[in-house]
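# Residue-level structural notes
So you can see what is in the structure, the chains are spelled out below.
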Amino acid sequence: MTQPSLATPGRIRFIDSHTAGEPTRTVLSGFPALPGETLAEQRLALAGAFGDWRTLVNNEPRGSDVLVSALLVPPKAPDCAAGVIFFNNVGVLGMCGHGTMGVVATLAYLGQLQPGQHRIDTPAGVVTATLHGDGRVSVANVRSYRHRARVTVNVPGAGVVEGDVAYGGNWFFLTSSVPASICLGNVERLTDHAWRIREALHAQGVTGQGGEVIDHIELMEMGDVARNFVLCPGKAYDRSPCGTGTSAKLACLAADGHLAPGVVWRQQSVIGSEFQGAYVPARDRTGILPTITGQAFVTVEGELIADPEDPFPWGIPA
Ligand code: PYC
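The structure presented is a predicted model; accordingly, all values stated were derived computationally and were not measured. (Residues numbered from 1 in each chain as written. Predicted model: local features only at pLDDT ≥ 70, side-chain atom pairs only at ≥ 80, totals over all residues. Heavy atoms only, no water.)

The number of helices and strands found in the protein is 5 helices and 15 strands. At 19 Å, the protein has a C-alpha radius of gyration in line with the 20 Å of a compact globule built from 318 residues. Sequence separation of 24 or more characterises 63% of the internal contacts of the protein that already satisfy a separation of 6 or more. One way to put it: in the protein the 23 positive side-chain charges average out to a point 5 Å from where the 29 negative ones average out. (Helix = DSSP H or I, 4+ residues; strand = E, 2+ residues; numbered from the N terminus. Rg over C-alpha atoms; globule rule 2.2 N^0.38 Å. Contact = heavy atoms within 4.5 Å. Lys, Arg positive; Asp, Glu negative; His and termini not counted. Charge placed at Lys NZ, Arg CZ, Asp CG, Glu CD.)

Moving on: the site of the ligand. In the region of the ligand, the neighbouring residues are Cys-96, Gly-97, His-98, His-216, Cys-232, Asp-238, Cys-242, Gly-243 and Thr-244. With respect to the ligand, the backbone of Gly-97 contributes an N or O atom lying 2.8 Å from an oxygen atom. Take Gly-243: an N or O atom from its main chain is 2.7 Å from an oxygen atom of the ligand. Contact with the protein chains hides 99% of the accessible area of the ligand, taken as 250 Å² for the molecule alone. More than half of the atoms belonging to the ligand lie within 2 Å of the grid points that define the largest cavity. Mapped by element, the contributors of at least two residues to the shell around the ligand are α3 (97–109) and α5 (243–255). (Near = heavy atom within 4 Å. Polar contact = N/O pair within 3.5 Å; in protein donor to acceptor, adjacent residues only side chain to side chain. Areas by Shrake-Rupley, 256 points an atom, 1.4 Å probe, with all protein chains shown as cover. 1 Å grid on protein atoms, 1.4 Å probe; cavity = no way out; pocket = protein on both sides within 12 Å on 5 of 7 lines; lining within 4 Å. Sits in = over half its atoms within 2 Å of the grid points.)

Let us now look at the packing of aromatic side chains. Using the criterion set out here, one finds 7 aromatic pairs in the structure. Note on Tyr-167 and Trp-171: the rings are 5.2 Å apart at their centroids and 50° apart in plane angle, and the pair reads as tilted. By the burial criterion, Tyr-167 is buried, and Trp-171 matches it. Every member of this aromatic cluster is reached through a ring pair, and the members are Phe-31, Trp-53, Phe-87 and Trp-314. Positioned above the aromatic ring of Phe-14, the side-chain terminus of Arg-25 is 4.3 Å from the ring centre. We note Arg-239 situated over the ring of Tyr-237; from NZ or CZ to the ring centre the distance is 3.8 Å. (Phe/Tyr/Trp six-rings, centres within 6.5 Å; stacked < 30°, edge-to-face > 60°. Buried < 20%, exposed > 50% of the residue type's maximum accessible area, 1.4 Å probe, protein only. Lys NZ or Arg CZ within 6 Å of the ring centre and 35° of its normal.)

What follows is about empty space enclosed by the protein. For the structure on display, the rule yields 1 cavity of 30 Å³ or more. Put simply, the largest cavity is a space of about 150 Å³. Sorting the residues of the lining of the largest cavity by element identifies α3 and α5 as the ones contributing at least two each. Its residues placed into classes, the lining of the largest cavity shows 11 nonpolar, 9 polar and 3 charged. (Points joined across faces, edges and corners; volume = space filled by probe spheres on them. Nonpolar A, V, L, I, M, F, W, Y, C, P; charged D, E, K, R; others polar.)

In this section: the pairing of strand β12 (residues 226–231). Summarising burial for β12: 5 of the 6 residues are buried, a large majority. Of the strand pairs in this sheet, strand β11 (residues 216–221) and β12 are connected by 5 bridges, and their pairing is antiparallel. Bridge pairing in β12 places Ile-217 opposite Leu-231. The hairpin formed by β11 and β12 contains 4 residues between the paired strands. (Pairing = 2+ DSSP bridges.)

Position of Asn-170 among the secondary structure elements: in the loop between β9 (159–167) and β10 (171–175). Apart from residues no more than four positions distant in its own chain, Asn-170 is found in contact with Leu-93, Gly-94, Met-95, His-216 and Thr-244.

Mean pLDDT over the protein works out to 96, with 97% of the residues at or above the 70 mark. Model confidence for the complex is summarised by a pTM of 0.96, with the ipTM given as 0.99. (pLDDT = per-residue confidence, 0-100.)

Before going further, it helps to examine the pattern of salt bridges. Going through the model one piece at a time under the given rule, you end up with 9 salt bridges. Arg-146 is the salt-bridge partner of Asp-164, the closest N and O atoms lying 2.9 Å from each other. Linking Asp-164 in strand β9 with Arg-146 in strand β8 (residues 145–155), this pair joins segments that are 18 residues apart in sequence. Here Asp-164 falls in the buried class, since its relative accessible area comes to 10%. Asp-256 serves as the salt-bridge partner of Arg-146, at 3.0 Å between the closest nitrogen and oxygen. Note that Arg-146 is positioned in strand β8 and Asp-256 in the loop between α5 and β13 (265–268), a separation of 110 residues in sequence. Taken together, the shared-partner salt bridges connect Arg-146, Arg-150, Asp-164 and Asp-256 into one network. (Salt bridge = Lys/Arg side-chain N within 4 Å of Asp/Glu carboxyl O.)

What follows deals with α3. Taking 1.5 Å per residue, 13 residues should reach 18 Å; α3 reaches 18 Å between its end C-alpha atoms and fits that length. The complete set of buried residues in α3 reads Gly-97, His-98, Gly-99, Thr-100, Met-101, Gly-102, Val-103, Val-104, Ala-105, Thr-106 and Leu-107. Where α3 terminates, the next one or two residues include Gly-111, which has phi positive at roughly 80°. (Expected span 1.5 Å × (residues − 1).)

This brings us to the environment of Leu-46. The topology assignment puts Leu-46 in helix α1 (residues 39–47). Separated by 41 residues in sequence, Leu-46 and Phe-87 place their C-alpha atoms 8.5 Å apart. Setting aside residues up to four positions removed in sequence, Leu-46 forms contacts with Phe-31, Leu-34, Gly-51, Arg-54, Ile-85, Phe-87 and Val-92.

Set out below in C-alpha cells:
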C-alpha cells in the first residue's frame, strides 16, 4: 500500500459526540479527497489505499476501538445537506444510525443545520434525518429486510445457535441465544459468545445477500422493553442500541408479523440507553423503511496532530 506522505496529514479537525453512549468522531477537514464517482466507490478507496488515514483518525493513540468515525464528503445525491462515510477500527461501514445522529448533532452545534428534515448521502443510500427542536434526531434509514430466518449454526463451546440474518444498512445475525443477562457486568461473556457466533458463521459459510460478510452480531433479550448487545466488526460492543441493528430487528419483527407498521418499538442497549423505532412497509413489500430516534451530544472539539517524529503517526492497526 502506498504510504501517504507524512508531511500530508497536517492537522485534522474533528468534533466528537456520543449517541446513547456510543461515540462518533466527525471529521471536518484535513482529510484527503477520496477518489470515486459515488460514495460507495469512495468508501472502497478508504477501505483500500487510504486505510492509513482511517487508522490515523480512528485508532489508538488518537482514537480507540470503540469509536466510529464519520468523514464528511461532498454529497453525490441531489438535495443532500451532507455526504458521510463511516469507518471504525477495522474497516468501513455502509451506514451507521448512531453515527448519523452524531453528525446531525455536530452540524447543528456548528450552526450548519437547523431543526427540520435533512437528506444525508451515505454509501448505503440517502437517509433522511429529522432534527427535532429538543435535540433528538430521527433517522429514516435505508430499506431494511430479513434475508434468512431461523438459521442454525454450530458454535464451538455454545452448541447449536439459531438466529436471523438481516440487513439494516449493515449485515446482522440476530439471536436470542445469550450466555447471561444483557447488562454491563456481563460484557466479557457476551463479547466472547457473540465473537464465537461470528467466527462460526464465517467458518460455516453463512452470509448476507450476495455473499456479504455478516460483521455485526446482535444478541437480543425480549421483555417489556427489549435489550440488545451488539458486537461490532472490530470486537468492540455498541454502547448504543445500534441504529442499523435496531433497523434489522424491526425488519425481523415485521417479517414475523410481531410488530405492526407505525407502532413504536423501544430498544435498549447493554448500558440501558434507548432508541425508539418504527417502520412503514417498503413500497414493493421487500422489507421495511425504518425510522430510528435517539439523541447525540457533542463532547470534544479539536485537531488531530501527526508529528513526523511520532513513531505511530498512522495509528495502531487493530
Ligand atoms: O448505530 O448503526 C449504528 C452502529 C453501527 C455500528 C455501531 N453503531
